[in-house]
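Architecture and fold: a report
So the chains spell out like this:
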Amino acid sequence: MNERLKSIKKMLAEGHCEAAVKALYDVLAEAGQTGDTASEADAYYLLGNACRKTGDWQGALNFYQEAIDRNPEGPAASARSMAMDILNFYNKDMFNQ
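These remarks concern the structure in this document. (Residues numbered from 1 in each chain as written. Predicted model: local features only at pLDDT ≥ 70, side-chain atom pairs only at ≥ 80, totals over all residues. Heavy atoms only, no water.)

**Observations regarding the overall build of the protein**
Along the backbone of the protein there are 5 helices and 0 strands. Along the protein, helices and strands appear, N-terminal first, in the series α-α-α-α-α. Reported as C-alpha extents along the three principal axes, the dimensions of the protein are approximately 50 × 25 × 15 Å. Burial analysis of the protein (97 residues in total) assigns 36% to the buried set. Relative to all contacts within the protein whose residues are 6 or more apart in sequence, the contacts with residues 24 or more apart total 39%. Counting only carbon and sulfur atoms, one obtains 51% of the accessible surface of the protein, whose full area is about 6,000 Å². The averaged location of the 14 negative side-chain charges in the protein is 4 Å from the averaged location of its 10 positive side-chain charges. (Helix = DSSP H or I, 4+ residues; strand = E, 2+ residues; numbered from the N terminus. Buried < 20%, exposed > 50% of the residue type's maximum accessible area, 1.4 Å probe, protein only. Contact = heavy atoms within 4.5 Å. Areas by Shrake-Rupley, 256 points an atom, 1.4 Å probe, with all protein chains shown as cover. Lys, Arg positive; Asp, Glu negative; His and termini not counted. Charge placed at Lys NZ, Arg CZ, Asp CG, Glu CD.)

**Thoughts on the nonpolar core**
By size, the foremost hydrophobic cluster in this structure holds 26 residues, and its most contacted members are Leu5, Ile8, Leu24, Tyr45 and Tyr64. Mapped by element, the contributors of at least two residues to this core are helix 1 (3–13), helix 2 (17–34), helix 3 (37–53), helix 4 (57–70) and helix 5 (76–95). Counting residues per element, this core draws most heavily on helix 3, at 7 residues. Filtering out sequence-adjacent residues up to four positions away, Leu24 remains in contact with Leu5, Ile8, Ala43, Leu46 and Leu47. (Core = buried A, V, L, I, M, F, W, Y, C linked by side-chain atoms within 4.5 Å.)

**A closer look at the side chain of Asp42**
Tracing the sequence through the fold places Asp42 in helix 3. Put simply, Asp42 is tucked away with no salt bridge, and the nearest opposite charge, on Lys9, sits 8.8 Å away. If we skip the residues at most four places from it in the chain, Asp42 touches Met1 and Leu5. (Salt bridge = Lys/Arg side-chain N within 4 Å of Asp/Glu carboxyl O.)

**Points about the side chain of Asn49**
Within the secondary structure layout, Asn49 lies in helix 3. By relative accessible area, Asn49 is classed as buried at 10%. Side chain to side chain, Asn49 and Tyr64 meet in a polar contact 2.6 Å long. When neighbours within four sequence positions are excluded, Asn49 is seen to be in contact with Leu12 and Tyr64. (Polar contact = N/O pair within 3.5 Å; in protein donor to acceptor, adjacent residues only side chain to side chain.)

**Brief notes about helix 4**
With 14 residues, helix 4 extends 20 Å between its outermost C-alpha atoms, agreeing within 8% with the 20 Å of an ideal straight helix rising 1.5 Å per residue. Among the residues of helix 4, those classed as buried are Gly59, Ala60, Leu61, Phe63, Tyr64, Ala67 and Ile68. (Expected span 1.5 Å × (residues − 1).)

Just geometry here; none of it tells us what the structure is for.
Structure (structure tokens):
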């Protein structure tokens, strides 16, 4: 992960999701022009994290899948699996009330 993505990851950790998302879309635009699939995968993974933090689970799953499509061995695969486990747990709980 390059330095720019590391600083965006820090922004997310500090709760600056909106600014991080804007910066990630800039990274995706640049990576798309240069064909940098590694940066694209990292950016989509971080977008997934931003969505998860804001409660947009469907967006998180979609972005994680985009990251997996570009790098199947990256962290998005386990993040997507974790998100699915959480959603399955919550949905089962809702039906048991």
